[in-house]
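Secondary and tertiary structure notes
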Amino acid sequence: MDDVPQETPPARPDTAALGASGETPSEVLSLAAPRRRTVDDHMFRAGRTSFRLQLFTAPGQRAVAVAIQAEGETPSLTNVAESCAAAVWQQHCPDQGLPPVWIERQFPGAFGREPDFRLVTFGENEPYQVRHPSWCTISAEQIVHLVGGPVAEDRGKGYVPPEPEPEPDLRFEAMALWRLARPHPFREDCMSGGTPWWRRWTNLVFPQHGGRSCCWYHSGDWHRVNHMALAALSRAQHEGVKAECMVDYALEYAAAAGASEWEQQVFRTLYCLGDAIQPSGDGYISNGFINGQHRVQAMLDAGVRRTVVLRHVWPDSPAY
């Protein structure tokens, strides 16, 4: 049939299979009949999700729900389609034996295009529960045909945008290496095995100065460069230098301190926002790395105790 919505891949691979009770898009379109819009809630909420709900009903006809969500609303309609459809079923048409026909639209559209309407069919349902959703596109014209009247296509004037999320404060801090997660570098053969705990303690007792020829990471004195980096950080904190300005500040400090070319390169990686060592996790001891595993491994091999890291500090983040 020409008016059947064109199939598109399911949005979630775990929900592709339809159960025996699932219906096809063409079966849904066969439910076309004049309906009246009895609900137009611009801020309908289902759990933590908000969306515009338009509900079209008529005596003896299955309800049709059109859910529209703006950019930035989370969780997204796609991720919680089951709970959203079940909430509308239970709250607005509890006397119907089947869930409302579920149609969703999310802004913005993919690749800069106008967002599609998508028909969601469910493979299984029981009172106020639906499972196994599957998605396909449906045109605005097909929706009008289905409900027998006009359907709003925007988020609605009653939409209340969510409060913007607070931005973290970028902050360079000194950190003891034992508080960092164990690194797992993968690019250099000389450090691919990591450093066992007993070697870490040996390196702390007998620190390794100077460099090795195996790779860039081991080719300089990490003790000297970290001593300078921590000194630069202490002075910058006293002067109130912002994280965004630290790379230029640190390079000037390194040059004035007589840093070698390798040491200046390290300074750049330690204080450049895109390259800085960033531990992940907000706990007292980090649980991983966003950046910096190879440098931390080289520091452990040298027996370094403290270095400079970049943290995204939220108002309630603990201090290291």
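In what follows, the accompanying structure is described. What you are looking at is a predicted structure, and each value in this text was computed from that prediction instead of being measured. (Residues numbered from 1 in each chain as written. Predicted model: local features only at pLDDT ≥ 70, side-chain atom pairs only at ≥ 80, totals over all residues. Heavy atoms only, no water.)

What follows covers helix α8 (residues 293-302). The buried count for α8 comes to nine of ten residues, which makes it a mostly enclosed element. Within the span of α8, buried status applies to His-294, Arg-295, Val-296, Gln-297, Ala-298, Met-299, Leu-300, Asp-301 and Ala-302. (Buried < 20%, exposed > 50% of the residue type's maximum accessible area, 1.4 Å probe, protein only. Helix = DSSP H or I, 4+ residues; strand = E, 2+ residues; numbered from the N terminus.)

This part takes up helix α3 (residues 140-147). Residues three or four positions apart in an α-helix share a direction because the helix packs 3.6 residues into each turn. Among all positions of α3, only Gln-142, Ile-143, Leu-146 and Val-147 are buried. End-on, the buried residues of α3 take up no more than an arc of 125 degrees, which puts them together on one face. On the buried face of α3, the contacting elements are α1 (25-29), β2 (49-57), β3 (64-69), β4 (101-106), β5 (117-126) and β6 (129-138). In the segment just after α3, Gly-148 is the residue with positive phi, at about 80 degrees. (Arc of directions from axis to C-beta. Contact = heavy atoms within 4.5 Å.)

On to the packing of aromatic side chains, then. Inspection of the entire model under this criterion finds eight aromatic pairs. Look at Trp-89 and Tyr-128: their rings are 5.4 Å apart centre to centre, the planes differ by 70 degrees, and that puts the pair in the edge-to-face class. Of this pair, Trp-89 sits in helix α2 (residues 81-92) while Tyr-128 sits in the loop between β5 and β6, and the two are 39 residues apart along the sequence. What makes Trp-89 buried here is its relative accessible area of 1%. You can call Tyr-128 partly exposed: its relative accessible area is 30%. Between the aromatic rings of Trp-216 and Trp-262, the centroid separation amounts to 5.8 Å while the plane-to-plane angle is 50 degrees, which identifies the pairing as tilted. Remark: Trp-262 occurs in helix α7 (residues 261-271) and Trp-216 occurs in the loop between α4 (197-205) and α5 (222-239); sequence separation between them is 46 residues. Note on Trp-216: relative accessible area 32%, which makes it partly exposed. Judged by relative accessible area, Trp-262 falls into the buried class, the value being 10%. Put simply, the rings of Trp-216, Tyr-217, Trp-222 and Trp-262 touch in pairs and so form one group of aromatic residues. (Phe/Tyr/Trp six-rings, centres within 6.5 Å; stacked < 30°, edge-to-face > 60°.)

A few words on the sheet that holds β2. Strand order in the open sheet formed by six strands is β1-β2-β3-β4-β5-β6, and the pairing between neighbours is mixed. Either end of the sheet is taken by a strand with one partner, and the two such strands are β1 (36-46) and β6. Adjacent strand axes in the sheet meet at a mean angle of 25 degrees, parallel and antiparallel pairs treated alike. In terms of strand pairing, β5 meets β6 through nine bridges, oriented antiparallel. (Pairing = 2+ DSSP bridges. Axes fitted to C-alpha atoms, helices over the stretch in contact; angles between N-to-C directions.)

As a further point, take the side chain of Gln-69. Relative to the assigned elements, Gln-69 resides in strand β3. Among the polar contacts made by the side chain of Gln-69, one reaches the main-chain amide nitrogen of Leu-77 at a distance of 3.0 Å. Beyond its immediate chain neighbours, meaning those up to four positions away, Gln-69 contacts Thr-49, Ser-50, Phe-51, Pro-75, Ser-76, Leu-77, Arg-105, Gln-106, Phe-107 and Arg-155. (Polar contact = N/O pair within 3.5 Å; in protein donor to acceptor, adjacent residues only side chain to side chain.)

Here we come to the packing of helix α6 (residues 246-256) against α7. Two elements in contact, α6 and α7, have axes whose closest approach is 9 Å; the angle formed by their N-to-C orientations is 155 degrees. By the angle between their directions, the pair α6 and α7 is classed as roughly antiparallel. Crossing of α6 over α7 shows right-handed handedness. Each of Met-246, Val-247, Ala-250, Leu-251, Tyr-253 and Ala-254 in α6 lies in contact with α7, whose residues at this interface are Gln-264, Phe-267, Arg-268 and Tyr-271. A class-by-class count of the residues in the contact of α6 with α7 yields eight nonpolar, one polar and one charged. (Parallel < 35°, antiparallel > 145°, perpendicular 65-115°, else oblique. Left-handed = near helix turned anticlockwise from the far one by under 90°. Nonpolar A, V, L, I, M, F, W, Y, C, P; charged D, E, K, R; others polar.)

Right, let's talk about the nonpolar core for a bit. Formed by 41 residues in total, the largest nonpolar core has its most connected members in Phe-172, Trp-222, Phe-267 and Tyr-271. Of all the elements in the fold, those that place two or more residues in this core are β7 (169-176), α5, α6, α7, α8 and β10 (306-313). The greatest single-element share of this core, amounting to eight residues, is contributed by α5. Setting aside residues no more than four positions away along its own chain, Phe-172 makes contact with Leu-233, Gln-237, Ala-243, Met-246, Leu-270, Tyr-271, Leu-273, Ala-276, Val-308, Val-309 and Leu-310. Listed in part, the 23 residues of the second largest apolar core include Ala-46, Ala-65, Ala-87 and Val-120. (Core = buried A, V, L, I, M, F, W, Y, C linked by side-chain atoms within 4.5 Å.)

With that out of the way, let us pick up unusual backbone geometry. At the junction of Thr-74 and Pro-75, the peptide bond is cis and its omega measures out at -5 degrees in the coordinates. Cis geometry marks the peptide bond from Phe-107 to Pro-108, where omega comes out at -5 degrees. Topologically, Pro-108 is positioned in the loop between β4 and β5. In this structure, Tyr-128 is a non-glycine residue whose phi angle is positive, near 60 degrees. Look at His-132: it is not a glycine, yet its phi comes out positive at around 55 degrees. According to the relative accessible area criterion, His-132 is partly exposed, its value standing at 30%.

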